[in-house]
Amino acid sequence: MGSHIDIKGREFELIAFGAGRRICPGLPTAHRMVHLTLGALIHSFDWKLDKGITPESMSMVDKLGFTLRKAQFLQAVPIQI
Ligand code: HEM
């Protein structure tokens, strides 16, 4: 959030869709869908962290594999509004 990194393959800090001539042709669809889906989830539910986890104790450690992901998955629990 607040970052101005271009995800369209020109800045190598974030190349989720690849770069150059083989860049993902689904990028415009995927970019809209990710935001729409996330927005719909945030809008439709309240969310809480799993039992015993607080924002302060939440692990932000990452794990390098084919992609860089959180070492411990975030368990967010939806609450019906
Ligand atoms: C968040 C969703 C998506 C991510 C993160 C993603 C990511 C990627 C990546 C990293 C590549 C490889 C690029 C490269 O070789 O440099 C790729 C290729 C490709 N993607 Fe996606 N993609 C997504 C969604 C989609 C969607 C929605 C479509 C189609 C509707 C799509 C169709 C393709 C195709 C056909 C290729 C092969 C392109 C080629 O090899 O020339 N992708 N994608």
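Refer to the structure above for everything that follows.
Let me sum up the structure you'll find in this document. Just so it is clear, the model here is predicted, and its values are computed rather than measured.

### Focus on the pattern of salt bridges
So, point 1. In this structure the tally under the stated criterion is one salt bridge.
So, point 2. Between arginine 10 and aspartate 6 there is a salt bridge; the shortest N-O distance is 2.9 Å.
So, point 3. By relative accessible area, which is 64% here, arginine 10 ends up exposed.
So, point 4. Judged by its relative accessible area of 16%, aspartate 6 is buried.

### Quick notes on the coordination of the iron atom of the ligand
So, point 1. Counting protein donors to the iron atom of the ligand gives just one, Cys24 (SG), placed at 2.2 Å.
So, point 2. Position of cysteine 24 among the secondary structure elements: in the segment before helix H1 (27-44).

### Brief notes about a nonpolar patch on the surface
So, point 1. On the surface, Leu38, Leu41, Ile42, Phe45 and Trp47 cluster together to form a nonpolar patch covering roughly 460 Å² of accessible area.
So, point 2. Only H1 and strand S1 (45-49) provide two or more residues apiece to the nonpolar patch.
So, point 3. A per-element tally of the nonpolar patch places H1 first, with three residues.
So, point 4. As for its position among the elements, leucine 41 is in helix H1.

### A word on the side chain of serine 59
So, point 1. Among the structural elements, serine 59 can be located in the loop between S1 and strand S2 (62-64).
So, point 2. Sequence-distant contacts of serine 59, that is, excluding residues within four places in its chain, are made with Lys70 and Gln72.

Parameters at a glance
- Residues numbered from 1 in each chain as written.
- Predicted model: local features only at pLDDT ≥ 70, side-chain atom pairs only at ≥ 80, totals over all residues.
- Heavy atoms only, no water.
- Salt bridge = Lys/Arg side-chain N within 4 Å of Asp/Glu carboxyl O.
- Buried < 20%, exposed > 50% of the residue type's maximum accessible area, 1.4 Å probe, protein only.
- Donors = N, O, S within 2.8 Å, 3.2 Å for Na, K, Ca; no water.
- Helix = DSSP H or I, 4+ residues; strand = E, 2+ residues; numbered from the N terminus.
- Patch = residues over 30% accessible without salt bridge, like charges linked within 9 Å, V, L, I, M, F, W, Y side chains within 5 Å.
- Areas by Shrake-Rupley, 256 points an atom, 1.4 Å probe, with all protein chains shown as cover.
- Contact = heavy atoms within 4.5 Å.

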